[in-house]
Number of protein chains: 2
Amino acid sequence: MEFTSEQRFDDGVLERGFTLGDVPGILWTPGSAPAPLILLGHPGGLSKMYPRLSARARHAAAEGYAAATIELPGSGDRPRSPATDEARADLRRALAAGETVTDDIVDRLVLPLVDKAVPEWRVTLDALLALPEIGGPVGFAGGVIAIAVRLAVVEPRIAAAVLFAGSFVPRATFDEARQVTIPLQVLLQWDDEGNDRQMALDLFDAFGTKEKTLHANMGGHTGVPQFEGDEGNRFFARHLR
Amino acid sequence: MEFTSEQRFDDGVLERGFTLGDVPGILWTPGSAPAPLILLGHPGGLSKMYPRLSARARHAAAEGYAAATIELPGSGDRPRSPATDEARADLRRALAAGETVTDDIVDRLVLPLVDKAVPEWRVTLDALLALPEIGGPVGFAGGVIAIAVRLAVVEPRIAAAVLFAGSFVPRATFDEARQVTIPLQVLLQWDDEGNDRQMALDLFDAFGTKEKTLHANMGGHTGVPQFEGDEGNRFFARHLR
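Residues numbered from 1 in each chain as written. Chains lettered and ligands numbered in written order. Predicted model: local features only at pLDDT ≥ 70, side-chain atom pairs only at ≥ 80, totals over all residues.

**Student:** Give me the overall build of chain A: which residues, what numbers.
**Tutor:** Regarding its fold elements, chain A presents 7 helices and 9 strands. Its C-alpha radius of gyration of 17 Å places chain A within 12% of the 18 Å reference for a compact globule of 241 residues. Principal axes of the C-alpha set define a box for chain A whose edges measure 50 × 40 × 30 Å. Within the span of chain A, comprising 241 residues, buried residues form 41% of the whole. Restricting to contacts in chain A with at least 6 residues of sequence separation, those with at least 24 account for 66%. (Helix = DSSP H or I, 4+ residues; strand = E, 2+ residues; numbered from the N terminus. Rg over C-alpha atoms; globule rule 2.2 N^0.38 Å. Buried ≥ 20, exposed ≤ 12 C-beta atoms within 10 Å, placed from the backbone. Contact = placed C-beta atoms within 7 Å.)

**Student:** Just give me the short version of the relation of the copies chain A and chain B, but keep the residues and values in it.
**Tutor:** Once chain A is rotated about the relating axis by 180° and shifted along it by 0.0 Å, it coincides with chain B to within an RMSD of 0.0 Å. Considering both components of the superposition, the chain copies are consistent with a two-fold axis. Residue A:His215 of chain A places its C-alpha closer to the rotation axis than any other residue of that unit, at 2.4 Å. (Least-squares fit on C-alpha atoms with pLDDT ≥ 70 in both.)

**Student:** Break down the interface of chain A and chain B for me, with residues and values.
**Tutor:** With 11 residues of chain A at the interface, the matching set in chain B holds 11 residues. Breaking the side of chain A that touches chain B down by element, the ones donating at least two residues are β9 (212–217) and α7 (227–240) of chain A. For the side of chain A that touches chain B, the leading source of residues is β9(A), giving 6 residues.

**Student:** Just give me the short version of the nonpolar core, but keep the residues and values in it.
**Tutor:** One recurring pattern in soluble globular proteins: nonpolar side chains tend to sit buried together. Ranked by size, the top nonpolar core spans 147 residues in total, and within it A:Ala161 and B:Ala161 carry the most contacts. Contacts of B:Ala161, omitting those with residues within four sequence positions, involve B:Gly139, B:Phe140, B:Ala141, B:Ala148, B:Ala152, B:Ile182 and B:Leu184. (Core = buried A, V, L, I, M, F, W, Y, C linked by C-beta atoms within 7 Å.)

**Student:** If you had to explain the packing of helix α2 (residues 82–96) of chain A against helix α3 (residues 103–129) of chain A to someone new, which residues and values would you point to?
**Tutor:** All names here are of chain A. Packing of α2 against α3 leaves a shortest axis separation of 8 Å and a crossing angle of 145°. Judged by the twist between their axes, the crossing of α2 over α3 is left-handed. Where α2 approaches α3, its residues Ala-83, Thr-84, Ala-87, Arg-88, Asp-90, Leu-91 and Ala-94 are matched on the opposing element by Ile-105, Arg-108, Leu-109, Pro-112 and Leu-113. Classifying every residue of the contact of α2 with α3 gives 8 nonpolar, 1 polar and 3 charged. (Axes fitted to C-alpha atoms, helices over the stretch in contact; angles between N-to-C directions. Left-handed = near helix turned anticlockwise from the far one by under 90°. Nonpolar A, V, L, I, M, F, W, Y, C, P; charged D, E, K, R; others polar.)

**Student:** An account of α7(A) is requested, with residue identities and associated values reported.
**Tutor:** All names here are of chain A. Between its first and last C-alpha atoms α7 spans 20 Å; for 14 residues at 1.5 Å apiece the expected length is 20 Å, and the two agree. Buried within α7 we find Glu-231, Gly-232, Asn-233, Phe-235, Phe-236 and Leu-240. Considering only its buried residues, α7 is in contact with β4 (35–40), α1 (46–61), β6 (134–141), β7 (158–164), β8 (184–189) and β9. (Expected span 1.5 Å × (residues − 1).)

**Student:** Describe the packing of α3(A) against helix α4 (residues 145–154) of chain A, naming the residues involved and giving the relevant values.
**Tutor:** Residue and element names in this part refer to chain A. In the contact formed by α3 and α4, the axes pass within 9 Å of each other and the chain directions differ by 50°. In terms of axis orientation, α3 runs oblique to α4. For α3 against α4, the interelement crossing comes out right-handed. In this structure, α3 uses Val-110, Val-114, Ala-117, Val-118 and Trp-121 to contact α4, whose residues at the interface are Ala-146, Ile-147, Arg-150, Leu-151 and Val-154. A class-by-class count of the residues in the contact of α3 with α4 yields 9 nonpolar, no polar and 1 charged. (Parallel < 35°, antiparallel > 145°, perpendicular 65-115°, else oblique.)

**Student:** Explain the pairing of β6(A) residue by residue, including any values.
**Tutor:** Residue and element names in this part refer to chain A. Where β4 meets β6, 5 bridges bridge the pair, whose relative direction is parallel. What sits directly across from Leu-37, in β6, is Val-138. Relative to β7, β6 is paired through 4 bridges, and the arrangement is parallel. Bridge assignment links Phe-140 to a residue of β7, and that residue is Ala-161. (Pairing = 2+ DSSP bridges.)

**Student:** Summarise unusual backbone geometry; cite the residues concerned and give the values.
**Tutor:** Following A:Ala33, the chain continues into A:Pro34 via a peptide bond in cis, with omega recorded as -5°. Within the element layout of this structure, A:Pro34 appears in the loop between β3 (23–29) and β4.

**Student:** An account of the environment of A:Gly142 is requested, with residue identities and associated values reported.
**Tutor:** Residues and elements named next belong to chain A. Residue position: Gly-142 is located in the loop between β6 and α4. Expressed as a C-alpha distance, the spacing of Gly-142 and Arg-8, which sit 134 residues apart in the sequence, is 24 Å. Apart from residues no more than four positions distant in its own chain, Gly-142 is found in contact with Leu-40, Gly-41, His-42 and Phe-164.

**Student:** Can you tell me about the pairing of strand β4 (residues 35–40) of chain B, naming the residues and giving the values?
**Tutor:** All names here are of chain B. Burial analysis of β4 places 6 of its 6 residues in the buried class, the great majority of the element. One ladder, built from 3 bridges, connects β4 with strand β5 (residues 66–70); its direction is parallel. In the sheet register, Ile-38 faces β5, and the bridge partner there is Ala-67. For the crossover from β4 across helix α1 (residues 46–61) to β5, the handedness is right-handed. (Right-handed = clockwise from strand over helix to strand, strands pointing away.)

**Student:** An account of α1(B) is requested, with residue identities and associated values reported.
**Tutor:** Owing to its 3.6 residues per turn, the α-helix aligns residues three or four sequence positions apart on the same side. For α1(B), which comprises 16 residues, the first-to-last C-alpha distance of 19 Å sits more than 12% below the rise-based estimate of 22 Å (1.5 Å per residue). Its maximal kink placed at B:Arg52, α1(B) deviates by approximately 40°. (Bend = angle between axes of the 7 residues up to and from the residue.)

**Student:** I'd love a proper account of the environment of A:Glu63, names of residues and values included.
**Tutor:** Residue and element names in this part refer to chain A. When you line up the elements, Glu-63 lands in the loop between α1 and β5 (66–70). Since 17 C-beta atoms lie within 10 Å of it, Glu-63 is described here as partly exposed. The spatial distance from the C-alpha of Glu-63 to the C-alpha of Arg-88 is 38 Å, given a sequence separation of 25 residues.

Read these as layout, nothing more, since geometry by itself doesn't imply function.
Here it is in structure tokens:
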């Protein structure tokens, strides 16, 4: 892990860019150490997502958490995958034509991403937990939900997760969801035009964990209310302390 | 309003029994005054519900809220209604026989209760708000959901409500739900064996308010997690302060 940039904010939070192999990422640490860690998931495109990720990270840091994120395979400056690009083109074509998005398109779009991203998150976790500023346990917050579900199943160091219900969830993710046993808080935007509400409710139902809470709020995809940031912090306070 | 009993707890909360006409009730007030007020709804039977109501009231009082509840028409020591008793017998018969509970049974069971209870709550509110210990604004928390919905529509002094999704909701309540414009937090027990989950989701969808949040948790009817008490307090803190 090589740090590539560094800035300290007025609130005492230290933000550092890093690379790990060819994967770029960002680490935010609060003044207090060692801090429990929250991994911030996102749909890809670190620079586009930066304002929201940075706000979430600093909100978490104000409660004493470190936060970190990495770029997704095929997003931002990372090499694109022709197969994923083709699947994305097929998805857009189907949506534009008002056709059903087939399981085949979803699988081709999402599953290779999960297969590639999850090991990268785990290697990142190894590197982060080796830093003196970071102590366990670890939470995961955000999307892509298929990546978050796989991580929750295979990575025992992740103790709790806040998930964003999204669309285009592979069938395989439903099967994996049944194997999830860590506490979950699932956010659903009730009126998200790009989201299949029933599918999100079905996925919530499928999770195998006994300690799961669904928070449904009004508004579209990016309209998650501000107070859900606090609720996420309190959820992690219950499970990471 | 006549106070009939009084005890002060170690946490400084004053609990007083009262009667208003022939309606018995309980008022809890914190040390600080004037306190915003939360009306505590329940399914009827004050003495049976007392442990849970008292715990909820004192949890709210710890955050500076007064809380009050009254007995439902036909419950506890109040005169029973033969028509309601007959509707309840029909409901039990239908459930025992595994038959569908008809709209007719639900309407006969719930609507007269709403028509009677809502004016009683409003008169109680008049009396409570005349006390120097109580200041506005007012929240409502609990069931019966058809009563809570009617109150939210007709009583402008109620500024926000935490509702418990329950079963056997009259069709008319769905129509009234569309007229609700105050902020709502709706609790749903996902695995409640006596609850129709889809109906609860439909009712949540029906509410006309733009600021509504659904909190779904695992477990049965009485298994609402402890932390939802804090979440209710924080919801009221956002809307009653």
